Amino acid sequence: MKAFEADVQDRVLALVKAILEQNAIVAEVDPQSRLVDVGLTSMDMVNLMLGVEAEFDFTIPQSEITPENFQSIETLQRIIVNQLQPAHAA
């Protein structure tokens, strides 16, 4: 299970870095970094949400699309793992 969580974290980190790169922003990003502090705008957050949905092939439930869940890679990882866990365990 830890390997699955680490994989999710790596993939989300790659998505965030790709968005920063697109915006020509060079920033140190770790799982606890606040995404707004590293330079993501509200439009970038929308792109990140769409990227996460495409990367992990699921739709984030409307109830989970909150500022709290999009604060950091860690918070995003948590909702992704919670959504995919039943499917992953099967």
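Structure: above.
Heads up: these notes are all about the structure in this document. The structure displayed is predicted, hence computed values, not measured ones.

What counts, and at which threshold
Residues numbered from 1 in each chain as written. Predicted model: local features only at pLDDT ≥ 70, side-chain atom pairs only at ≥ 80, totals over all residues. Heavy atoms only, no water. Helix = DSSP H or I, 4+ residues; strand = E, 2+ residues; numbered from the N terminus. Rg over C-alpha atoms; globule rule 2.2 N^0.38 Å. Buried < 20%, exposed > 50% of the residue type's maximum accessible area, 1.4 Å probe, protein only. Contact = heavy atoms within 4.5 Å. Areas by Shrake-Rupley, 256 points an atom, 1.4 Å probe, with all protein chains shown as cover. Lys, Arg positive; Asp, Glu negative; His and termini not counted. Charge placed at Lys NZ, Arg CZ, Asp CG, Glu CD. Core = buried A, V, L, I, M, F, W, Y, C linked by side-chain atoms within 4.5 Å. Expected span 1.5 Å × (residues − 1). Salt bridge = Lys/Arg side-chain N within 4 Å of Asp/Glu carboxyl O.

## What about the overall build of the protein?
Along the backbone of the protein there are 4 helices and 0 strands. What you see in the protein, going N to C, is helices and strands ordered as α-α-α-α. Scaling as 2.2 N^0.38, a compact globule of 90 residues should have a C-alpha radius of gyration of about 12 Å, and the protein matches this with 12 Å. C-alpha atoms of the protein, sized along the principal axes, occupy 40 × 25 × 20 Å. Here the protein holds 90 residues, and 39% of them are scored as buried. Pairs at least 24 residues apart make up 57% of the contacts formed inside the protein by residues separated by at least 6 positions. Within the structure as shown, the protein displays about 5400 Å² of accessible surface, and the carbon and sulfur contribution to it stands at 52%. Taken together, the 5 basic and 14 acidic charged side chains of the protein have centroids lying 5 Å from each other.

## As for the nonpolar core
Counting 26 residues, the largest nonpolar core has V16, L40, L48 and I80 as the members making the most contacts within it. Those elements that provide at least two residues to this core are α1 (2–22), α2 (35–38), α3 (42–56) and α4 (73–89). The element that contributes the greatest number of residues to this core is α1, accounting for 8 residues. Apart from the residues within four sequence positions on either side, V16 is in contact with V29, L35, L40, L48 and I73.

## Comments concerning α3
When the terminal C-alpha atoms of α3 are compared, their 21 Å separation across 15 residues agrees well with the 21 Å that a helix rising 1.5 Å per residue should span. Those residues of α3 not exposed but buried are D44, M45, L48, M49, G51, V52, E53 and F56. A positive backbone phi angle near 55° is found at D57, which sits one or two residues after α3.

## Observations regarding the pattern of salt bridges
One pass over the full model with this rule turns up 3 salt bridges. Its salt-bridge partner being D7, residue R11 comes within 3.0 Å of it at the nearest N-O pair. Linking R11 with D7, this pair stays in helix α1, spanning 4 residues, or about one helical turn. For D7, a relative accessible area of 33% translates into the label partly exposed. Residue D37 is joined to R34 by a salt bridge in which the shortest nitrogen-to-oxygen separation is 3.4 Å. In this structure, a network of salt bridges that share partners links the residues D7, R11 and E55.

## What about α1?
An ideal rise of 1.5 Å per residue puts 30 Å on 21 residues; α1 measures up with 30 Å between its terminal C-alpha atoms. Taken together, the buried positions of α1 are occupied by F4, V8, V12, L13, L15, V16, I19 and L20. Count one or two residues on from α1 and you reach A24, which has phi positive near 55°.

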